[in-house]
Every structure is written in structure tokens, then in C-alpha cells.
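The chain contents come next:
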Amino acid sequence: DAGVTQSPTHLIKTRGQHVTLRCSPISGHKSVSWYQQVLGQGPQFIFQYYEKEERGRGNFPDRFSARQFPNYSSELNVNALLLGDSALYLCASSWGRGGGTEAFFGQGTRLTVV
Amino acid sequence: AQSVTQLDSQVPVFEEAPVELRCNYSSSVSVYLFWYVQYPNQGLQLLLKYLSGSTLVESINGFEAEFNKSQTSFHLRKPSVHISDTAEYFCAVSEGNAGNMLTFGGGTRLMVKP
């Protein structure tokens, strides 16, 4: 069975540019969440989408946006990139969004902003 | 707001020795607790979770954690570690009435030496 897949695995962008990260959840999972993991720190929650609607948002600026498509895949968009946006971006999927529902993580996208 | 504190950023230990990774959380409501493991250049894998019932939970590879409500702790233990246990370990919490969005601790790097 395919797990959560993220693309690309690595990318390098210049300050001020825009980036789009993609995530395909496990088949049957309707919830996708995005996390940012800065080197040496724990992941920080950015967004959760369930049934194509935003269900939660972390403490991130409006430069960060996301959406979920009818097939439950998701995109994370970041505008006006800053050096501090360099991080591993993790996508997690789950079948539901109830408390305690297990989240399955992808391998992540390593974004480097230069 | 909930928060998670992992008291040790690094824990060096010799192979076959016991180990405890400490985790404390703060929350005003009921919580679900998780331990995730992250191997180099990989995403997060669920190690074990506490949802309800018995306060002692176990994983298939010999780890266990005990939920202590009075001390708001969820420490991870293993009686005898292996070289292959070398990884980053993250404690995480989700609040019972706020979906399965996770708040992570800063992580503990377990370094098992031969």
C-alpha cells in the first residue's frame, strides 16, 4: 500500500520567490495536515484540511496558504519566501479528524531558501 | 494553549542499557498523547499512543510509555536499547475537543553507543 507521498523531495528557492508543495494522502484518508520542521526543532502545525475545507490553522503568516482537492490531495503554497522558511515540510493524512485519530506522515519536502 | 516539553535534547546511552525519555505537557482539557520516531532524512513514524484506558502503553519493538495525569507526564522507556534505536524521538499531544492536530515537543536525540 502506498503511504503519504510528497513532492518534490528537495528544492532550492531564492528569497522573494513562491513555492508550491504537494501531498497525496493514503487512499481513503480524507484529512491532510501540514507541519513545518525547522532543523533541530519539533514540527509546528500549519494547516489542517478535511473534506476540502480548512479545519485548523496554526500561527503562521498569511504568506502561507493551502488547499485540498476533490481527490483529497493537497497543496501548500508559500509566497515571498524568507530565509527563515527553510525547513522540512511534512504532510500527514488521517481517515478522520477526531481527537486521537492516528496521523500518518510523509517523508517531507526539504525547502532551502537562499 | 497546550504545550509539550521534552526535558532532554540529547540522551547518550550504551547498547543494552535502559533508557527513559522524558515528556511533560500542559493542557486544560483532556488530551491524547503520542510518541513519534524520526530516523535521519525520513518522516515521522508513530511509536505508541495513549487514548484512554490503561495508563501503560507498549509498542511492538519494546518501548513503553506511562500516562501520569497528576504529573502531566508521558515518559518513554525501554529496558534494553539497540544500536538501531538511534533516532530522534518526539512527544506530541492533541486536545480531545480540537481534532487530531498535534502539538510537538522539541525532540530528544537518542544516541546508542556500542
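For the structure, see preceding data.
Residues numbered from 1 in each chain as written. Chains lettered and ligands numbered in written order. Predicted model: local features only at pLDDT ≥ 70, side-chain atom pairs only at ≥ 80, totals over all residues. Heavy atoms only, no water.

Asks: Requested: an account of the overall build of chain B, with residues and values cited.
Replies: On a plain count of helices and strands, chain B comes out with zero helices and twelve strands. Along chain B, helices and strands appear, N-terminal first, in the series β-β-β-β-β-β-β-β-β-β-β-β. In terms of overall dimensions, chain B is globule-like: its C-alpha atoms have a radius of gyration of 14 Å, near the 13 Å expected for 114 residues. When the backbone C-alpha atoms are referred to their principal axes, chain B occupies close to 45 × 30 × 25 Å. Relative to its full complement of 114 residues, chain B shows a buried share of 46%. The contacts of chain B with a sequence gap of at least 6 include a subset with a gap of at least 24, amounting to 57%. Per element, the accessible surface of chain B, about 5,500 Å² overall, is 49% carbon and sulfur. Charged side chains of chain B number 7 positive and 10 negative; the gap between the two group centres comes to 4 Å. (Helix = DSSP H or I, 4+ residues; strand = E, 2+ residues; numbered from the N terminus. Rg over C-alpha atoms; globule rule 2.2 N^0.38 Å. Buried < 20%, exposed > 50% of the residue type's maximum accessible area, 1.4 Å probe, protein only. Contact = heavy atoms within 4.5 Å. Areas by Shrake-Rupley, 256 points an atom, 1.4 Å probe, with all protein chains shown as cover. Lys, Arg positive; Asp, Glu negative; His and termini not counted. Charge placed at Lys NZ, Arg CZ, Asp CG, Glu CD.)

Asks: A description of the environment of Tyr-35 of chain A should follow, citing residues and the corresponding values.
Replies: For Tyr-35 of chain A, the location among the structural elements is in strand β4 (residues 31–37). Accessibility expressed as a relative area gives 1% for Tyr-35 of chain A, which makes it buried. Each C-alpha atom, one on Tyr-35 of chain A and one on Ala-87 of chain A, is 9.9 Å from the other, the two residues being 52 residues apart in sequence. Polar contacts involving the side chain of Tyr-35 of chain A include one to the main-chain amide nitrogen of Leu-102 of chain B, which spans 3.0 Å. (Polar contact = N/O pair within 3.5 Å; in protein donor to acceptor, adjacent residues only side chain to side chain.)

Asks: Can you explain the state of the cysteines? Please cite residues and give values.
Replies: Applying the stated criterion to the full structure yields two disulfides over all chains. Paired through a disulfide, Cys-23 of chain A and Cys-91 of chain A show a sulfur-sulfur distance of 1.8 Å. Linking Cys-23 of chain A and Cys-91 of chain A, the disulfide has an S-S dihedral of approximately -65 degrees and is accordingly described as left-handed. Taken as a pair, Cys-23 of chain A in strand β3 (residues 19–24) and Cys-91 of chain A in strand β9 (residues 87–94) lie far apart in primary sequence, 68 residues in all. With relative accessibility at 0%, the residue Cys-91 of chain A sits in the buried group. In this model Cys-23 of chain B forms its disulfide with Cys-91 of chain B; the gap between the sulfur atoms is 2.0 Å. (Disulfide = S-S within 2.5 Å.)

Asks: An account of the interface of chain A and chain B is requested, with residue identities and associated values reported.
Replies: Taken together, the contact between chain A and chain B spans 24 residues of the former and 20 residues of the latter. Interface area, chain A with chain B, both sides summed: about 1,600 Å², of which 53% is carbon and sulfur. By the criterion of area lost to chain B, the three top residues of chain A are Pro-43, Gly-100 and Phe-105 of chain A, representing 28% of everything that side buries. Inspection of the region where chain A meets chain B yields one salt bridge. Connecting chain A to chain B are four residue pairs in polar contact (both at pLDDT 80 or more). Of all the elements in the fold, those that place two or more residues in the side of chain A that touches chain B are β4, β5 (44–50), β6 (53–57) and β9 of chain A. Ranked by the residues each element gives to the side of chain A that touches chain B, the list is headed by β9 of chain A, at three residues. Broken down by class, the residue content of the side of chain A that touches chain B amounts to seven nonpolar, 14 polar and three charged. (Buried area = accessible area lost by both parts, 1.4 Å probe. Salt bridge = Lys/Arg side-chain N within 4 Å of Asp/Glu carboxyl O. Nonpolar A, V, L, I, M, F, W, Y, C, P; charged D, E, K, R; others polar.)

Asks: Any details on the environment of Gly-96 of chain B? Residues and values, ideally.
Replies: Considering the arrangement of structural elements, one finds Gly-96 of chain B in the loop between β10 (87–95) and β11 (103–104). What makes Gly-96 of chain B partly exposed here is its relative accessible area of 26%. For the pair Gly-96 of chain B and Ala-17 of chain B, spaced 79 residues apart in the sequence, the C-alpha separation amounts to 36 Å. Here Gly-96 of chain B is in contact with Gly-99 of chain A together with Ser-30, Val-31 and Tyr-32 of chain B, once residues within four sequence places are set aside.

Asks: I'd love a proper account of the side chain of Gln-48 of chain A, names of residues and values included.
Replies: Along the chain, Gln-48 of chain A falls in strand β5. What makes Gln-48 of chain A buried here is its relative accessible area of 0%. Beyond its immediate sequence surroundings of up to four residues, Gln-48 of chain A is in contact with Ser-31, Val-32, Ser-33, Glu-53, Glu-54, Arg-55, Gly-56 and Arg-97 of chain A together with Asn-100 and Met-101 of chain B.

Asks: Lay out the side chain of Gln-37 of chain A in plain terms, naming residues and giving numbers.
Replies: One can find Gln-37 of chain A in strand β4. Residue Gln-37 of chain A is classed as buried on the basis of its relative accessible area of 7%. Side-chain polar atoms of Gln-37 of chain A contact the backbone oxygen of Gln-41 of chain A, separated by 3.2 Å. Other than its neighbours up to four places away in sequence, Gln-37 of chain A contacts Gly-42, Pro-43, Ala-87, Leu-88 and Leu-90 of chain A together with Gln-38 and Phe-90 of chain B.

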